Amino acid sequence: MYIILVYDIEEKRVGKMLKLCRQYLNWIQNSVFEGELSEVKLKELLMRSRAIMNMEKDSIIVFSSRQEKWLEKQVIGKEKNDLDNII
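A brief look at the structure comes next. (Residues numbered from 1 in each chain as written. Predicted model: local features only at pLDDT ≥ 70, side-chain atom pairs only at ≥ 80, totals over all residues. Heavy atoms only, no water.)

Some points on the pattern of salt bridges
Across all of its chains, the model carries four salt bridges by this definition. The closest approach of N and O atoms between Glu-10 and Arg-13, which form a salt bridge, is 3.2 Å. Note on Glu-10: relative accessible area 27%, which makes it partly exposed. Using a relative accessible area of 11% as the deciding quantity, one classes Arg-13 as buried. For Glu-10, the salt bridge is made with Lys-57, and the minimal N-O distance between the two is 3.8 Å. Of this pair, Glu-10 sits in the loop between β1 (2–8) and α1 (11–22) while Lys-57 sits in the loop between α2 (39–52) and β4 (59–65), and the two are 47 residues apart along the sequence. Judged by relative accessible area, Lys-57 falls into the exposed class, the value being 52%. (Salt bridge = Lys/Arg side-chain N within 4 Å of Asp/Glu carboxyl O. Buried < 20%, exposed > 50% of the residue type's maximum accessible area, 1.4 Å probe, protein only. Helix = DSSP H or I, 4+ residues; strand = E, 2+ residues; numbered from the N terminus.)

Quick look at the side chain of Arg-13
Inspection of the secondary structure puts Arg-13 in helix α1. Every residue in contact with Arg-13, bar those within four places of it in the chain, is listed here: Ile-52, Met-53, Asn-54, Lys-57 and Asp-58. (Contact = heavy atoms within 4.5 Å.)

Things to note about the environment of Lys-41
Along the chain, the position of Lys-41 falls in helix α2. Classification of Lys-41 as partly exposed rests on a relative accessible area of 38%. For the pair Lys-41 and Tyr-24, spaced 17 residues apart in sequence, the C-alpha to C-alpha distance is 7.7 Å.

Some points on the packing of α1 against α2
At a minimum axis separation of 10 Å, α1 and α2 run at an interaxial angle of 170°. Considering their axes alone, α1 and α2 lie roughly antiparallel with respect to each other. When the axes of α1 and α2 are compared, the crossing they make is right-handed. Residues Arg-13, Lys-16, Met-17, Leu-20 and Cys-21 of α1 form the contact with α2, whose own contacting residues are Leu-45, Arg-48, Ser-49 and Ile-52. By residue class, the composition of the contact of α1 with α2 is five nonpolar, one polar and three charged. (Axes fitted to C-alpha atoms, helices over the stretch in contact; angles between N-to-C directions. Parallel < 35°, antiparallel > 145°, perpendicular 65-115°, else oblique. Left-handed = near helix turned anticlockwise from the far one by under 90°. Nonpolar A, V, L, I, M, F, W, Y, C, P; charged D, E, K, R; others polar.)

Digging into the sheet that holds strand β3 (residues 32–36)
Across a sheet, strands are paired by hydrogen bonds formed along the backbone, either parallel or antiparallel in direction. Pairing in this open sheet of four strands is antiparallel, and the strands run β2-β3-β1-β4 from one edge to the other. Looking at the sheet topology across the chains shown, the edges are occupied by β2 (26–29) and β4. Averaged over all pairs of adjacent strands, the angle between strand axes in this sheet comes to 25°, irrespective of strand direction. Two strands pair when backbone bridges link them, and β1 and β3 are joined in this way by five bridges, in the antiparallel orientation. (Pairing = 2+ DSSP bridges.)

Here we look at α1
Every α-helix winds through 3.6 residues per turn, so residues three or four apart in the chain are directed the same way. Here α1 is 12 residues long and its end C-alpha atoms lie 17 Å apart, about the 16 Å a rise of 1.5 Å per residue gives. Of the residues making up α1, those classed as buried are Arg-13, Met-17, Leu-20 and Cys-21. The buried residues of α1 occupy an angular sector of 90° when projected down its axis, which confines them to one face. Exposed positions of α1 whose direction lies more than 90 degrees from the buried face are Glu-11 and Lys-19. Elements that come into contact with the buried residues of α1 comprise β1, β3, α2 and β4. (Expected span 1.5 Å × (residues − 1). Arc of directions from axis to C-beta.)

See below:
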């Protein structure tokens, strides 16, 4: 499934969350990630995220779709992380 993950984490934990999310998804903007993940990998990511988060102060929002083609993406201004699929 195609995932967009957004987090709002206190500054002292941001580095750990950034490092974790980059292991699973593509970083596209501050605190925003996207990419394809299986349900198992998403559950794993969220489980590991909970170990970093303070559940009283931090949050994660996950948007999911069966495939990326069902979402329209429009970037205005400079895209922070160009995700060209050129190998």
